[in-house]
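A look at the structure
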Amino acid sequence: MPHAESPPPANSEFNPSEYPPFPSGLPTVQLETISLSKLLARDAEEQTRVFEICKGRGFFYLDLADSTAGDTIVRGAGAIARAGERTFALPLDEKMGYLMGATGPAGKPRSLFGYKQVGATLADKATGVRDTAEFFNVAKDDMTAACADPADMPRRGDSWPAPILEQRDLFAGYMRAAHGVGMLILGLLVDKLGVDPQEIWNRHRLGELAGDHVRITRGPPREKEEMPEIQTPSHTDFGTITILMNWLGGLQVWSESSRSAVLTDGQPDVPGEWLWVVPKPGCAIVNLGDAAVKFTDGVFCSGRHRVTPAPGPQGKFPRYSVVYFVRPEDTVIMEALAGEGIPKPQTEPAAEKEEKLTASEWIYRQALNLGTQFPGAK
Ligand SMILES: O=C(O)CCC(=O)C(=O)O
Ligand SMILES: [Fe+2]
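The structure contained in this document is the topic of the report that follows. Computed from a predicted model, the values in this text were never measured in an experiment. (Residues numbered from 1 in each chain as written. Chains lettered and ligands numbered in written order. Predicted model: local features only at pLDDT ≥ 70, side-chain atom pairs only at ≥ 80, totals over all residues. Heavy atoms only, no water.)

Turning to the site of ligand 1, a few remarks are in order. The local shell around ligand 1 consists of R215, H235, D237, L244, N246, L251, H305, V307, R319, S321 and F325. In this structure, N246 approaches ligand 1 through a side-chain N or O atom, which is 3.0 Å from an oxygen atom. Between ligand 1 and H305 there is a distance of 3.0 Å, counted from an oxygen atom to a side-chain nitrogen or oxygen. Protein contact buries 96% of the 290 Å² of open area that ligand 1 shows by itself. When atoms are counted within 2 Å of each cavity's grid points, the one that captures over half of ligand 1 is the second largest cavity. Looking at the shell around ligand 1, the elements that each hand over two or more residues are β9 (241–246), β13 (305–307) and β14 (319–326). Looking at which element gives the most residues to the shell around ligand 1, the answer is β14, with three residues. (Near = heavy atom within 4 Å. Polar contact = N/O pair within 3.5 Å; in protein donor to acceptor, adjacent residues only side chain to side chain. Areas by Shrake-Rupley, 256 points an atom, 1.4 Å probe, with all protein chains shown as cover. 1 Å grid on protein atoms, 1.4 Å probe; cavity = no way out; pocket = protein on both sides within 12 Å on 5 of 7 lines; lining within 4 Å. Sits in = over half its atoms within 2 Å of the grid points. Helix = DSSP H or I, 4+ residues; strand = E, 2+ residues; numbered from the N terminus.)

Let us now look at the coordination of the iron ion (ligand 2). For the iron ion (ligand 2), every protein donor is listed as H235 (NE2), D237 (OD) and H305 (NE2), and the spread of their distances is 2.1 to 2.2 Å. The motif formed by the donor residues of the iron ion (ligand 2), counted along the single chain, is H-x1-D-x67-H. A residue pair is termed long-range when its members are at least 10 positions apart, and D237 in the loop between β8 (232–235) and β9 and H305 in strand β13 qualify at 68 residues. On the accessibility criterion, D237 (5% relative accessible area) is buried. (Donors = N, O, S within 2.8 Å, 3.2 Å for Na, K, Ca; no water. Buried < 20%, exposed > 50% of the residue type's maximum accessible area, 1.4 Å probe, protein only.)

Before going further, it helps to spend a moment on helix α11 (residues 359–369). Among all positions in α11, only A359, W362, I363, Q366 and A367 are buried. Projected onto a plane normal to the axis of α11, the buried residues spread over an arc of 135° and lie on a single side. Summarising the contacts, the buried residues of α11 are in contact with α9 (290–295). (Arc of directions from axis to C-beta. Contact = heavy atoms within 4.5 Å.)

With that settled, consider the layout of surface pockets. Roughly 290 Å³ of internal volume is contained in the second largest pocket. Along the wall of the second largest pocket there are 16 residues; nearest its centre are R110, S111, L112, S360 and Y364. Looking at the lining of the second largest pocket residue by residue, the class counts come to eight nonpolar, four polar and four charged. (Points joined across faces, edges and corners; volume = space filled by probe spheres on them. Nonpolar A, V, L, I, M, F, W, Y, C, P; charged D, E, K, R; others polar.)

Take the sheet that holds β13 next. Overall, antiparallel pairing links the four strands, which are arranged β8-β13-β10-β11 in an open sheet. Either end of the sheet is taken by a strand with one partner, and the two such strands are β8 and β11 (274–276). Neighbour-to-neighbour, the strand axes of the sheet open up by a mean angle of 25°, direction not taken into account. Across three bridges, the pairing between strand β10 (residues 251–254) and β11 is antiparallel. Bridge pairing in β11 places W254 opposite W274. (Pairing = 2+ DSSP bridges. Axes fitted to C-alpha atoms, helices over the stretch in contact; angles between N-to-C directions.)

With that settled, the discussion passes to the packing of aromatic side chains. By the definition in use, this model includes ten aromatic pairs. Ring centres of F14 and W247 lie 4.8 Å apart, and the angle between their planes is 85°; on these two criteria the pair is classed as edge-to-face. One end of the pair, F14, is in the segment before β1 (33–35); the other, W247, is in the loop between β9 and β10, with 233 residues separating them in the sequence. Here the two residues F14 and W247 agree in accessibility, since each one is buried. (Phe/Tyr/Trp six-rings, centres within 6.5 Å; stacked < 30°, edge-to-face > 60°.)

This part covers the pattern of salt bridges. Throughout the structure, instances matching the rule amount to 13 salt bridges. With a shortest N-O distance of 3.2 Å, E32 and R49 are connected by a salt bridge. A residue pair is termed long-range when its members are at least 10 positions apart, and E32 in the segment before β1 and R49 in helix α2 (residues 44–55) qualify at 17 residues. By relative accessible area, R49 is classed as partly exposed at 26%. (Salt bridge = Lys/Arg side-chain N within 4 Å of Asp/Glu carboxyl O.)

Before going further, it helps to spend a moment on empty space enclosed by the protein. Sizing a probe to match a water molecule and rolling it over the atoms shows the empty space that remains. Considering all chains together, one arrives at four cavities of 30 Å³ or more under this definition. Reported here for the second largest cavity is a volume of approximately 200 Å³. What lines the second largest cavity is a set of 17 residues, among which H235, L244, V307, S321 and V323 lie closest to the centre. Taken together, the elements giving at least two residues each to the lining of the second largest cavity come down to β7 (213–219), β8, β9, β13 and β14. Per-element tally for the lining of the second largest cavity: the top contributor is β14, with four residues.

Before going further, it helps to spend a moment on the pairing of strand β12 (residues 283–288). Most of β12 sits out of view: six of its six residues are buried. Judged by which residues are buried, β12 turns out to be covered on both faces: C283, I285 and N287 on one side and A284, V286 and L288 on the other are all buried. Relative to β12, strand β2 (residues 59–63) runs antiparallel, the two sharing five bridges. Each bridged residue has a counterpart across the sheet, and for F59 the counterpart in β12 is N287. Here β9 runs beside β12; their pairing, made up of four bridges, is antiparallel. Residue pairing for β12: T242 is matched across the bridge by N287.

Attention now moves to helix α3 (residues 68–88). Taking 1.5 Å of rise per residue, 21 residues should cover 30 Å, and α3 covers 30 Å from first to last C-alpha, within 8% of that figure. The sharpest bend along α3 reaches about 30° and sits at G76. Sitting at the amino-terminal end of α3 is S67, which places a side-chain oxygen 3.0 Å from the backbone nitrogen of G70. (Expected span 1.5 Å × (residues − 1). Bend = angle between axes of the 7 residues up to and from the residue.)

In short, the description is geometric, and any link to function would need to be established separately.
The structure is reproduced here in structure tokens:
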């Protein structure tokens, strides 16, 4: 059982205590394990290990034992998956009322928050095969906002499915913990590049509008043994840092780390093979996203990954995951920070030509590049 759980409600399809172990004999990646409690204690050796990992593959296990934030994440992830299960059980036409990318509720902006139905993303441009996962992106700003009237929440207002709206406190607590863990890691990483951690914290203030969200994903059980059947196609995350909780295998990383923040048709841009990431009890899987590459001009790596149904006997279970994406505040200009460890722009003219986008524009473009379809988008 990967993470401590309270007993599931009757008839739940999310039952981690029943999952068989990850099968042997598959090509897996050996990720390093970093201790959150050591990072909280400013352990210099642990800090150096994270720094080296983030310059390389940019993926690691984060052991959540022995800290309040870690505990909130371990316990909260299971409860959030259950809120997700109740949401996904709603009729499809009701879920489609929360479609992400559609014009938001009256007076609210269009956004990447809300529901993505099965098949909304092309998994393979050549064959036209589509993804098989559904997910719900729950906005940090709406869950953590201190509004007397929930209709005033800044993103979707109170237009969230009841199983999510009823659990605002759960989401808010989880988001604060995950965001805090993200800030701890990002702060120590940029510090090692000669950048004042405040520079990165000022671009990711918890109380400011940002693309941060919890994504709850449900992937259906595996239909056939042959690979691959794609739940979430090959991608790098758009944000700055990602904290992922999953219980079944299915996540795969590309064997060679890809350094580019520019998506090349959604496919890996260096030769290699897909390696399975085995869920590890009590640990989150942490990775950097494209914004971390942008802020450091490519010093850090945004690891390429995808999700298939779980392998072997694990594959007969629906697969849930709970992800927290830390993203820059909406109005932050996406450009490299200045620090002795960050390369200076090569030539002035090239630097001038580069378009300076805000984080919200940049993330929207990254999503379009990845094949996400937005109703009404050109
Ligand atoms: O479900 C997982 O294990 C990973 C999900 C993921 O990569 C994503 O939602 O960006
Ligand atoms: Fe991802």
